[in-house]
Amino acid sequence: MSTLIHDRVQAARQGTNPTVICRVGSGWVVLGDVQFLRGYSLLLPDPVVPDLNALTMDQRLNFLRDMTLLGDALLEVTGATRINYEILGNSEAALHAHVFPRYAIEPEEKRRKPVWFYDWKNATPFNLERDSPLMFEIAESIKRHQKTAVGDSTV
């Protein structure tokens, strides 16, 4: 089975996925194809698996740790007030985690609802030239947070 997630991971491995922020232990951190919320990112596992339950317990813990380290980085870099995490797999039947920074400046009617209420079709598309500085900052922040997590006895 080949999904968009499989294609994106393959492109990341080949160095041809422009949305790649960095490689982490469980896979690839990428910036979202649209940026209706600045910093919207995803964690793509490598290798690709159908869902979280297809991973061993250690692999699950690594994936979820990497997902939350991305969230920590987004909080630091974007000034978001909170992070929403979503693992769905309904449209693309391959594990991937959406990580959404949420902002106090969002319109009230959207701020209290899931991000799926945003207009994705008319959202600001990914732009490598514009988004590269943000991607670099996220990658550097993830590296810092990884160093801290290594010393954490709960990891």
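For the structure itself, consult the block above.
Peer 1: I'd like a rundown of unusual backbone geometry, residues and numbers included.
Peer 2: The amide bond that connects Asp46 to the next residue, Pro47, takes the cis arrangement and shows omega of 10°. Within the secondary structure, Pro47 sits in the loop between strand 3 (41-45) and helix 2 (57-78).

Peer 1: Report on the layout of surface pockets, specifying residues and quantitative values.
Peer 2: By volume, the largest pocket amounts to about 410 Å³. Those elements giving two or more residues to the lining of the largest pocket turn out to be helix 1 (4-14), strand 2 (27-31) and strand 3. Here the element with the most residues in the lining of the largest pocket is helix 1; it accounts for 3 residues. For the lining of the largest pocket, the residue count by class is 11 nonpolar, 7 polar and 3 charged.

Peer 1: Explain the side chain of Thr3 residue by residue, including any values.
Peer 2: Examined against the element boundaries, Thr3 turns out to sit in the segment before helix 1. A distance of 3.2 Å separates the side chain of Thr3 from the backbone nitrogen of Ile5, its partner in a polar contact. Among the polar contacts listed, one links the side chain of Thr3 to the side chain of His6, at a separation of 2.8 Å. When residues no more than four places from it in sequence are discounted, the contact partners of Thr3 are Glu92, Ala93 and Ala94.

Peer 1: Which residues make up helix 1, and what values do they have?
Peer 2: Along helix 1, the positions that sit buried rather than exposed are Ile5, Val9, Ala11 and Ala12. For helix 1, the buried positions fall inside an angular range of 160° around the axis, keeping them on one side. Structurally, helix 1 contributes buried residues whose contacts are with strand 1 (20-24), strand 2 and strand 3. Where helix 1 begins, one side-chain oxygen reaches toward the backbone nitrogen of Ile5, 3.2 Å away; that side chain belongs to Thr3. At the C-terminal side of helix 1, Gly15 shows a positive phi close to 75°.

Peer 1: Provide a residue-level description of the pattern of salt bridges, including the pertinent values.
Peer 2: A full pass over the atoms with the stated rule returns 10 salt bridges. A salt bridge links Arg13 to Asp46; the shortest N-O distance between them is 2.4 Å. One end of the pair, Arg13, is in helix 1; the other, Asp46, is in the loop between strand 3 and helix 2, with 33 residues separating them in the sequence. Under the relative-accessibility criterion, Arg13 is labelled partly exposed at 44%. Taking relative accessible area as the criterion, Asp46 reaches 14% and is therefore assigned buried. Residue Glu76 pairs with Arg144 through a salt bridge whose shortest N-O separation is 2.3 Å. Here the residue Glu76 occupies a position in helix 2, and Arg144 occupies one in helix 4 (residues 128-150), the gap between them amounting to 68 residues.

Peer 1: Any chance you could break down the nonpolar core for me, citing the residues and the numbers?
Peer 2: Core analysis: the largest hydrophobic core is formed by 24 residues, its most contacted members being Ile21, Val29, Ile138 and Ile142. Of all the secondary structure elements, the ones that give two or more residues to this core are strand 1, strand 2, helix 2, strand 5 (97-102) and helix 4. Take this core: its biggest share by element is 6 residues, from helix 2. Not counting residues up to four positions away in its chain, the partners in contact with Ile21 are Val29, Val30, Leu31, Ser41, Met135, Ile138 and Ala139. Formed by 19 residues, the second largest nonpolar core is a distinct cluster that contains Trp28, Val30, Val48 and Tyr118.

Peer 1: Explain the pairing of strand 1 to me, using residue names and the numbers behind them.
Peer 2: Here 4 bridges tie strand 1 to strand 2, and the two strands are oriented antiparallel to one another. The partner of Cys22 across the bridge, within strand 2, is Val29.

Basis of the calculations
- Residues numbered from 1 in each chain as written.
- Predicted model: local features only at pLDDT ≥ 70, side-chain atom pairs only at ≥ 80, totals over all residues.
- Heavy atoms only, no water.
- Helix = DSSP H or I, 4+ residues; strand = E, 2+ residues; numbered from the N terminus.
- 1 Å grid on protein atoms, 1.4 Å probe; cavity = no way out; pocket = protein on both sides within 12 Å on 5 of 7 lines; lining within 4 Å.
- Points joined across faces, edges and corners; volume = space filled by probe spheres on them.
- Nonpolar A, V, L, I, M, F, W, Y, C, P; charged D, E, K, R; others polar.
- Polar contact = N/O pair within 3.5 Å; in protein donor to acceptor, adjacent residues only side chain to side chain.
- Contact = heavy atoms within 4.5 Å.
- Buried < 20%, exposed > 50% of the residue type's maximum accessible area, 1.4 Å probe, protein only.
- Arc of directions from axis to C-beta.
- Salt bridge = Lys/Arg side-chain N within 4 Å of Asp/Glu carboxyl O.
- Core = buried A, V, L, I, M, F, W, Y, C linked by side-chain atoms within 4.5 Å.
- Pairing = 2+ DSSP bridges.

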